[in-house]
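Results of the structural survey
Here is how the chains run, residue by residue.
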Amino acid sequence: MNKANYPKQQITEALIDLLQKTSIEDITITSLVTKAHVSRNAFYNNYQSVEDVLKEAYRQAHQKAFQNKYIDISYFTSDEAILDFIQFFDKNTALLLALQKWNLLPYIAKYNTHCILNSLEQSNNPFIHQYKEYFMIYHTIPYFQICYYWILSDKKETPQELFQMIKQLQKQS
């Protein structure tokens, strides 16, 4: 890890841990930097608020999972996309539940929409270009909603079982 990113990573991990036990309104900069073992200066050199840390944690996780994959339109209709969604939700359950718990899901929706629409804007397919919003909704919202329900239901199925269930649902439509 880059030394410059170390305080950011420590702060992000500390926030996710604190959010499991405390409401976002009750988390202070002092409690966060104490948990992260960084200085207040390190916090303010990187963030303006606790909410900024949570949003940054989501952006980093999303970018790591989906970086450069949205460029290829065929990705949205692939098994790889389904598996990536499942893996993203499985790996980032605590973060996603924290965002949901403190009403930051609109931020996720806005960020995801921005990323996907920017990539679809580059499409050479005139139909997809014209109807990119519908394309995005049709090909991403169902996976997001299924995976979201999966983590809210304590991941009763294994990731592989969830993948097989989604594939069966596709056959039913």
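First things first, this report covers the structure right here in the doc. Just so it is clear, the model here is predicted, and its values are computed rather than measured. (Residues numbered from 1 in each chain as written. Predicted model: local features only at pLDDT ≥ 70, side-chain atom pairs only at ≥ 80, totals over all residues. Heavy atoms only, no water.)

**What about the nonpolar core?**
The test is simple: Grouping buried Ala, Val, Leu, Ile, Met, Phe, Trp, Tyr and Cys residues that are joined through side-chain atoms within 4.5 Å yields what is termed a nonpolar core. Categorising residues by exposure relies on relative accessible area from a 1.4 Å probe, with only protein chains included: less than 20% of the type maximum marks a residue as buried, more than 50% marks it as exposed, and the intermediate range marks it as partly exposed. Going along the chain from the N terminus, every DSSP run of H or I of four or more residues is numbered as a helix, and every run of E of two or more is numbered as a strand. Contacts: residue pairs with any heavy atoms within 4.5 Å of one another.
One finds Leu 32, Tyr 58, Phe 89 and Leu 120 to be the most contacted residues of the largest nonpolar core, which totals 58 residues. Per-element accounting of this core gives the leading share, eight residues, to helix H9 (residues 132-152). Apart from the residues within four sequence positions on either side, Phe 89 is in contact with Leu 96, Phe 144, Cys 147, Tyr 148, Trp 150 and Ile 151.

**Here we look at the packing of aromatic side chains**
The cut-off we apply is this: Any pair of Phe, Tyr and Trp rings, taking the six-membered ring for Trp, is counted once the centres come within 6.5 Å. Such a pair is stacked with planes under 30 degrees apart, edge-to-face with planes over 60 apart, and tilted for the rest. In this analysis the charged atom, NZ for Lys or CZ for Arg, is taken to sit over a ring once it is within 6 Å of the ring centre and within 35 degrees of the ring normal.
Following the criterion strictly, the structure yields 18 aromatic pairs and no others. Centre to centre, the rings of Phe 76 and Phe 135 are 5.6 Å apart; their planes meet at 85°, and the pair counts as edge-to-face. Taken together, the residues span a long stretch of sequence, with Phe 76 in the loop between helix H4 (50-66) and helix H5 (79-91) and Phe 135 in helix H9 at a distance of 59 residues. Centre to centre, the rings of Tyr 131 and Tyr 134 are 6.3 Å apart; their planes meet at 55°, and the pair counts as tilted. With a relative accessible area of 33%, Tyr 131 lands in the partly exposed category. One residue, Lys 155, lies across the ring of Trp 150, its end atom 5.7 Å from the ring centre.

**Remarks on H5**
Heads up, the rule is: Any helix carries an expected span of 1.5 Å times its number of residues minus one.
Compared with the 18 Å implied by 1.5 Å per residue over 13 residues, the 18 Å span of H5 between its first and last C-alpha is a close match. Looking at H5, one finds that the buried residues are Ala 81, Ile 82, Asp 84, Phe 85, Ile 86, Phe 88 and Phe 89.

**Some points on the packing of helix H7 (residues 105-120) against H9**
What counts is decided by this rule: Axis definition: a line fitted to C-alpha atoms, over the contacting stretch in the case of helices. Angles run 0 to 180 degrees between N-to-C directions. For classification purposes, an angle smaller than 35 degrees is called roughly parallel, one larger than 145 roughly antiparallel, one from 65 to 115 roughly perpendicular, and anything else oblique. Crossing handedness follows the turn of the near helix against the far one: under a right angle anticlockwise gives a left-handed crossing, and clockwise gives a right-handed one. Think of it as three bins: nonpolar holds Ala, Val, Leu, Ile, Met, Phe, Trp, Tyr, Cys and Pro, charged holds Asp, Glu, Lys and Arg, and polar takes everything else, Gly as well.
Contact geometry of H7 with H9 gives a least axis separation of 11 Å together with a crossing angle of 140°. By the angle between their directions, the pair H7 and H9 is classed as oblique. Two packed elements cross with a definite hand, and for H7 against H9 that hand is right-handed. Contacts between H7 and H9 involve Leu 105, Ile 108, Asn 112, Thr 113, Ile 116, Leu 117 and Leu 120 on the former and, on the latter, Lys 132, Glu 133, Phe 135, Met 136, Thr 140, Phe 144 and Tyr 148. When the residues that make up the contact of H7 with H9 are grouped by side-chain class, the tally is nine nonpolar, three polar and two charged.

**Some remarks on the pattern of salt bridges**
Counted only if it meets this: The salt bridge criterion pairs a side-chain nitrogen of Lys or Arg with a carboxyl oxygen of Asp or Glu, the two atoms within 4 Å.
In the structure shown here, the tally under the stated rule is ten salt bridges. As a salt-bridge pair, Asp 79 and Lys 167 come within 2.6 Å of each other at their nearest N and O atoms. Taken together, the residues span a long stretch of sequence, with Asp 79 in helix H5 and Lys 167 in helix H10 (residues 159-172) at a distance of 88 residues. Through salt bridges that share partners, Lys 8, Glu 56 and Arg 59 make up one connected network.

**Notes on the environment of Gln 60**
With respect to the helices and strands, Gln 60 occurs in helix H4. Those residues within four positions of Gln 60 in sequence are excluded, and the remaining contacts are Lys 8 and Gln 9.

**Structural notes on H10**
A rise of 1.5 Å per residue sets the reference length of H10, with its 14 residues, at 20 Å; its end C-alpha atoms lie 20 Å apart and thus fit the reference within 8%. In this structure, the buried residues of H10 make contact with H5 and H9.

**Quick look at the side chain of His 139**
Note that His 139 resides in helix H9. Classification of His 139 as buried rests on a relative accessible area of 15%. Not counting residues up to four positions away in its chain, the partners in contact with His 139 are Phe 76 and Thr 77.

Nothing here speaks to function; it is geometry throughout.
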